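Working through the structure, step by step
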Amino acid sequence: MPIPAKILVVDDQQYVRHTLSSLLAQQRHWSIYEAADGKAALERAKKIKPDVVVMDIVMPGMDGISAAYELRQIAPETRVVLISSHYTSQDAAALARLFGDGTFVTKSEAGKDLIPAVSRLLSSESQAVL
């Protein structure tokens, strides 16, 4: 039986965080965790060592870009999907290439794009191990 993938959802809006977590939880082989901001995400990542972090870019305190950068330092094997409703797709995609794994999903398209994006990162991770 495969080990469940650990997915950490980071968003300062509780409703959005819960909605994204519920969407991802439909994948029975994924364990879903949550954090309310960048600092909490880093603390949580140290403990659970997620395979993928779904990170909002715009958050108070520590934003998603700063958190993704720091996450690279403490857990370089963790993949990052950046999400936002405040950036254009082109701007966010450029940020995703610099600070994430090149993956960006707009919040408005998360219902159809998030699971495929996370799945791609997980499959590329398992192929890298082979």
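Coordinates for the structure precede this section.
The notes below deal with the structure included here. (Residues numbered from 1 in each chain as written. Predicted model: local features only at pLDDT ≥ 70, side-chain atom pairs only at ≥ 80, totals over all residues. Heavy atoms only, no water.)

**Brief notes about the side chain of Arg17**
Along the chain, the position of Arg17 falls in helix H1 (residues 14-24). Here Glu34 takes part through its side chain, which lies 3.2 Å from a polar atom of the side chain of Arg17. Not counting residues up to four positions away in its chain, the partners in contact with Arg17 are Val9, Asp11, Asp12, Glu34, Ala35 and Ala36. (Helix = DSSP H or I, 4+ residues; strand = E, 2+ residues; numbered from the N terminus. Polar contact = N/O pair within 3.5 Å; in protein donor to acceptor, adjacent residues only side chain to side chain. Contact = heavy atoms within 4.5 Å.)

**Here we look at H1**
Listed as buried for H1 are Val16, Arg17, Leu20, Ser21, Leu23 and Leu24. Take H1 and look down its axis: the buried residues cluster within an arc of 160°, on one side only. What points out from H1, more than 90 degrees from its buried face, is the exposed set Gln14 and Tyr15. (Buried < 20%, exposed > 50% of the residue type's maximum accessible area, 1.4 Å probe, protein only. Arc of directions from axis to C-beta.)

**So, the sheet that holds strand E3 (residues 52-56)**
Strands sit in the order E2-E1-E3-E4-E5 across an open sheet of 5 strands; the sheet is parallel. Since the sheet does not close on itself, it has two edges, and those belong to strand E2 (30-35) and strand E5 (103-106), each with one partner. Neighbouring strand axes in the sheet, compared pairwise and without regard to direction, differ in orientation by 20° on average. Relative to the sheet, helix H2 (residues 38-48) contacts strand E1 (5-10) and E2, its axis offset from that of E1 by approximately 165°. (Pairing = 2+ DSSP bridges. Axes fitted to C-alpha atoms, helices over the stretch in contact; angles between N-to-C directions.)

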